[in-house]
Amino acid sequence: DVKVTQSSRYLVKRTGEKVFLECVQDMDHENMFWYRQDPGLGLRLIYFSYDVKMKEKGDIPEGYSVSREKKERFSLILESASTNQTSMYLCASTNSNQPQHFGDGTRLSIL
Amino acid sequence: DQQVKQNSPSLSVQEGRISILNCDYTNSMFDYFLWYKKYPAEGPTFLISISSIKDKNEDGRFTVFLNKSAKHLSLHIVPSQPGDSAVYFCAGSTSGTYKYIFGTGTRLKVLA
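In what follows, the accompanying structure is described. It should be emphasised that the depicted structure is a prediction, and the values quoted were computed from it without experimental measurement.

It is worth spelling out the overall build of chain A at this point. A tally of regular secondary structure across chain A gives 0 helices and 11 strands. Reading chain A from its N end, one meets helices and strands in the order β-β-β-β-β-β-β-β-β-β-β. Computed over C-alpha atoms, the radius of gyration of chain A comes to 13 Å, within 12% of the 13 Å expected from 2.2 N^0.38 for 111 residues, which places it in the range of a compact globule. Seen along its three principal axes, the alpha-carbon backbone of chain A occupies a region of about 40 × 25 × 25 Å. Taking all 111 residues of chain A together, the buried fraction comes to 50%. Taking as baseline every contact in chain A between residues at least 6 positions apart, the subset at least 24 positions apart corresponds to 54%. If you sum the accessible surface of chain A, you get close to 5400 Å²; carbon and sulfur atoms cover 47% of it. Of the side chains in chain A, 15 bear a positive and 15 a negative charge, and the two mean positions are spaced by 6 Å.

See the structure below:
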């Protein structure tokens with residue numbers, strides 16, 4: 001069974017801090033994704049990666065960057081956290097012919 | 001521009017009855033659609049999908065209908081059970097892109 005693991009379930013950080021959210025998948029998936037979920041807005045794609053060291057912007061990349069140094073790991077970076085980045089962050093992975101599998105999410109609060 | 005719309009934020013249904021969740025899309029390039037279910041404090045889990053070459057796909061109690069001319073899909077749950085209470089997201093995708101565009105979700109509450 002596919003396992004997508006997000007390193008933290010809950011995280012509290014301060015405005016201006018650099019924040020790292022980590023995601024690891026164990027199924028050798030090529031494609032990995034970062035979303036944020038906000039009430040009334042659904043899931044919005046921040047960044048995705050279809051191979052090691054490759055990345056593409058999603059619909060809301062501003063204020064974020066990503067890193068994919070190894071196939072199984074995809075990191076989301078908030079360069080300088082702001083209060084409007086308080087959200088639920090969800091990581092997903094897939095190969096081309098499968099539905100995306102999601103982790104359980106990281107609820108991030110920026111104070 | 002919201003490419004995938006779920007116009008009902010919430011829905012309440014009696015246990016044993018049918019739940020119908022609706023989804024509209026605007027992007028004509030979408031050829032693959034999915035429904036995910038999400039419980040609080042958990043990630044979304046895949047429920048059912050449909051390719052644009054079909055107009056219906058069934059999996060147990062769950063059936064998805066696709067009306068391409070109306071750019072509309074719906075998820076039917078029969079019979080509804082209290083454990084189905086969750087937020088349901090529909091998503092559209094274009095072959096080869098691996099990207100999904102999600103709707104805003106519908107919160108289903110099944111009353112015992």
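So that's the structure; there's more coming.
Here the largest pocket defines a volume of roughly 470 Å³. As for the largest pocket, its lining consists of 23 residues, of which Gln37 and Pro39 of chain A together with Val87, Phe89 and Arg107 of chain B are closest to the centre. Those elements that place two or more of their residues in the lining of the largest pocket are strand 4 (31–38) and strand 9 (87–94) of chain A together with strand 9 (86–93) and strand 11 (106–111) of chain B.

The next point concerns the interface of chain A and chain B. Between chain A and chain B, the residue contacts involve 20 residues of the former and 17 residues of the latter. Approximately 1600 Å² of surface area, both sides summed, lies buried where chain A meets chain B, with 62% of it carried by carbon and sulfur atoms. The interface formed by chain A and chain B holds 0 salt bridges in total. Counting every contact that joins chain A to chain B gives 5 residue pairs in polar contact (both at pLDDT 80 or more).

In summary, the side chains of a regular strand alternate between the two faces of the sheet. Residue and element names in this part refer to chain A. Counting buried positions along strand 5 (residues 42–49) yields 7 of 8 residues, so the element is predominantly enclosed. Relative to strand 5, strand 4 runs antiparallel, the two sharing 7 bridges. What sits directly across from Arg36, in strand 5, is Arg44. Counting the residues between successive antiparallel strands, the hairpin from strand 4 to strand 5 contains 3 residues, one of them, Gly40, with a positive phi of roughly 80 degrees. Summarising the sheet, strand 5 and strand 6 (residues 56–57) pair through 2 bridges and their orientation is antiparallel.

Okay, the sheet that holds strand 8 (residues 72–77) of chain B next. Through backbone hydrogen bonds, the strands of a sheet pair up, either in parallel or in antiparallel fashion. Residues and elements named next belong to chain B. Sheet architecture is open: 5 strands sit in the order 1-3-8-7-6, paired in antiparallel fashion. Only two strands of the sheet have a single neighbouring strand rather than two, namely strand 1 (4–5) and strand 6 (56–59). Sheet topology note: the strand 1/strand 3 (residues 19–25) ladder contains 2 bridges and is antiparallel. Within strand 3, the position partnered with Val4 by the bridge is Tyr25.

On to the sheet that holds strand 8 (residues 73–78) of chain A. Residues and elements named next belong to chain A. Overall, antiparallel pairing links the 4 strands, which are arranged 1-3-8-7 in an open sheet. Where the open sheet ends on each side, the last strands, each with one partner, are strand 1 (4–6) and strand 7 (64–70). Averaged over all pairs of adjacent strands, the angle between their axes in this sheet comes to 20 degrees, without regard to strand direction. Across 6 bridges, the pairing between strand 3 (residues 19–25) and strand 8 is antiparallel. Counterpart to Val19 in the pairing with strand 8 is Leu78.

Below, the discussion takes up the nonpolar core. Of all hydrophobic cores here, the largest spans 23 residues; its most connected members are Trp35, Leu73, Leu75 and Tyr88 of chain B. Elements with a minimum of two residues in this core: strand 3, strand 4 (32–38), strand 5 (45–51), strand 7 (62–67), strand 8, strand 9 and strand 11 of chain B. Excluding its chain neighbours within four sequence positions, the residues that come into contact with Tyr88 of chain B are Gln6, Leu21, Trp35, Tyr36, Lys37, Leu47, Leu75, Ile77, Gly105, Thr106 and Leu108 of chain B. Judged by nonpolar contacts, the second largest core, of 20 residues, contains Leu11, Cys23, Met32 and Cys91 of chain A.

Criteria and cut-off values
Residues numbered from 1 in each chain as written. Chains lettered and ligands numbered in written order. Predicted model: local features only at pLDDT ≥ 70, side-chain atom pairs only at ≥ 80, totals over all residues. Heavy atoms only, no water. Helix = DSSP H or I, 4+ residues; strand = E, 2+ residues; numbered from the N terminus. Rg over C-alpha atoms; globule rule 2.2 N^0.38 Å. Buried < 20%, exposed > 50% of the residue type's maximum accessible area, 1.4 Å probe, protein only. Contact = heavy atoms within 4.5 Å. Areas by Shrake-Rupley, 256 points an atom, 1.4 Å probe, with all protein chains shown as cover. Lys, Arg positive; Asp, Glu negative; His and termini not counted. Charge placed at Lys NZ, Arg CZ, Asp CG, Glu CD. 1 Å grid on protein atoms, 1.4 Å probe; cavity = no way out; pocket = protein on both sides within 12 Å on 5 of 7 lines; lining within 4 Å. Points joined across faces, edges and corners; volume = space filled by probe spheres on them. Buried area = accessible area lost by both parts, 1.4 Å probe. Salt bridge = Lys/Arg side-chain N within 4 Å of Asp/Glu carboxyl O. Polar contact = N/O pair within 3.5 Å; in protein donor to acceptor, adjacent residues only side chain to side chain. Pairing = 2+ DSSP bridges. Axes fitted to C-alpha atoms, helices over the stretch in contact; angles between N-to-C directions. Core = buried A, V, L, I, M, F, W, Y, C linked by side-chain atoms within 4.5 Å.

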